[in-house]
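So the chains spell out like this:
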Amino acid sequence: MHELAITQNIVDIALRSAPERQVKGITIVLGELSGIVEDSVRFCFDVVAADTAAKGAALTFRRVPAHVRCTKCAFEFKLDNGDWACPQCGHLGGQVMQGRECYIESIDVED
Amino acid sequence: MKIKIVKNILDANDQMALENKKLFDGAGVVAINIMASPGAGKTSLILKTIDLLGLPVAVVEGDIASTFDAEKVGAKKVPVVQINTGGACHLDAAMIRKAVKRLSLKGARVLFVENVGNLVCPAEFKLGESARVVVASVPEGDDKPYKYPGMFSAATAVVLNKMDTLPVIDFDVRRFKKGVHAVNAGAPIFEVSCKTGQGLDSWIEWLRKLAS
């Protein structure tokens, strides 16, 4: 349910970055571990952006897979189906190298 | 026309959380964000801790509705403020800012913020806390760290409550701990029962160190 708050922030940032202009598109980067569900953001966006200059903007999501570095053997691996065990040495307990991203990369505005 | 932004979506909340942190630091208060699923024992842990800690405490209670928790804490003669989110599944930094205006932090050393019962959303929203404590409980099952890695990876410490129910519930403590340490290698895990008081001494010791 926190996607409503997240979406409100997305719209606020987009509007403040381009005052007085129609926002045509927003590119959002979401890490696999960000805990944010794309479909929910899309659903909330129509409600939150209504009556603003971001109404009807196309949302593009760039997903970043989670990469973890083993804290024992330093092997870096892609998190597969929530399995945190190192495929090299079996150790549990990795440091997240990427996958927590949650930011707006760019917006597309009317020229 | 494309405009490059690269701005954290939760930037506004993060900024407000930083301001809260400064306010707490200035008042000499250590804020602790207590998160858990509904019924894990957040309020029970706060109540027991007030009894045992021996330091002046203030509390912010977050719930979707009702003032039951604030009333329980208020009965301990501790400054308390209730936030009703009216449906929102988590507390955010702005809510905390508003709530502490109604709360006397004077003389307090530790501020407990009891978040809304939820193992998902509260992990995303910083409040200005110095530590995040996740409370889990034996009846919930030993798989929770595996199912909610976001929450457990964000924890400064984990409290495993209701240890007194272990004889009647299938719960593998080793599996639970392994799950926590898989996503959060350094987090201490305190095995306690707020009902019997077992294990609370090391939790209290940890808190005292944090507040000193």
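Residues numbered from 1 in each chain as written. Chains lettered and ligands numbered in written order. Predicted model: local features only at pLDDT ≥ 70, side-chain atom pairs only at ≥ 80, totals over all residues. Heavy atoms only, no water.

1. Here we look at unusual backbone geometry
Moving on, step 1. If you check the backbone angles, Ala74(A) has positive phi at about 70° while not being a glycine.
Moving on, step 2. Its location among the elements puts Ala74(A) in the loop between strand S3 (67-70) and strand S4 (76-78).
Moving on, step 3. Using a relative accessible area of 48% as the deciding quantity, one classes Ala74(A) as partly exposed.
Moving on, step 4. The backbone phi angle of Lys162(B) is positive, close to 65°, even though this residue is not glycine.
Moving on, step 5. Relative to the helices and strands, Lys162(B) resides in the loop between strand S7 (157-161) and helix H7 (173-183). (Helix = DSSP H or I, 4+ residues; strand = E, 2+ residues; numbered from the N terminus. Buried < 20%, exposed > 50% of the residue type's maximum accessible area, 1.4 Å probe, protein only.)

2. Remarks on helix H1 (residues 3-17) of chain A
Moving on, step 1. Taking 1.5 Å of rise per residue, 15 residues should cover 21 Å, and H1(A) covers 21 Å from first to last C-alpha, within 8% of that figure.
Moving on, step 2. Looking at H1(A), one finds that the buried residues are Glu3(A), Ile6(A), Thr7(A), Asn9(A), Ile10(A), Val11(A), Ile13(A) and Ala14(A).
Moving on, step 3. The inward-facing, buried residues of H1(A) contact strand S1 (23-31), helix H2 (38-49) and strand S6 (102-109) of chain A together with strand S1 (2-8) and helix H1 (11-26) of chain B. (Expected span 1.5 Å × (residues − 1). Contact = heavy atoms within 4.5 Å.)

3. Remarks on the side chain of Ser34(A)
Moving on, step 1. Summarising the element assignment, Ser34(A) is placed in the loop between S1 and H2.
Moving on, step 2. For Ser34(A), a relative accessible area of 2% corresponds to the buried category.
Moving on, step 3. At 2.8 Å, the side chain of Ser34(A) and the backbone oxygen of Gly31(A) are in polar contact.
Moving on, step 4. Every residue in contact with Ser34(A), bar those within four places of it in the chain, is listed here: Gly99(A), Arg100(A), Glu101(A), Cys102(A) and Glu124(B). (Polar contact = N/O pair within 3.5 Å; in protein donor to acceptor, adjacent residues only side chain to side chain.)

4. Structural notes on the packing of H1(A) against H2(A)
Residues and elements named next belong to chain A.
Moving on, step 1. In contact at an axis separation of 9 Å, H1 and H2 are set at 55° when each is read in the N-to-C sense. With respect to H2, the axis of H1 lies oblique. Read as a crossing pair, H1 and H2 show a hand that is right-handed. Every residue of H2 that contacts H1 at Glu3, Leu4, Thr7, Gln8, Ile10 and Val11 is listed here: Ser40, Val41, Cys44, Phe45, Val48 and Ala49.
Moving on, step 2. Per-class residue counts for the contact of H1 with H2 are eight nonpolar, three polar and one charged. (Axes fitted to C-alpha atoms, helices over the stretch in contact; angles between N-to-C directions. Parallel < 35°, antiparallel > 145°, perpendicular 65-115°, else oblique. Left-handed = near helix turned anticlockwise from the far one by under 90°. Nonpolar A, V, L, I, M, F, W, Y, C, P; charged D, E, K, R; others polar.)

5. Observations concerning the pattern of salt bridges
Moving on, step 1. Within the structure shown, the criterion is met by 15 salt bridges over all chains.
Moving on, step 2. For Glu38(A), the salt bridge identified is with Arg63(A), shortest N-O distance 3.9 Å. Here the residue Glu38(A) occupies a position in helix H2, and Arg63(A) occupies one in strand S2 (residues 58-64), the gap between them amounting to 25 residues.
Moving on, step 3. On the basis of relative accessible area, Glu38(A) is assigned to the partly exposed category, the value being 23%.
Moving on, step 4. Take Arg63(A): its relative accessible area is 39%, and that puts it in the partly exposed class.
Moving on, step 5. Between Lys72(B) and Asp69(B) there is a salt bridge, and its shortest N-O distance comes to 4.0 Å. (Salt bridge = Lys/Arg side-chain N within 4 Å of Asp/Glu carboxyl O.)

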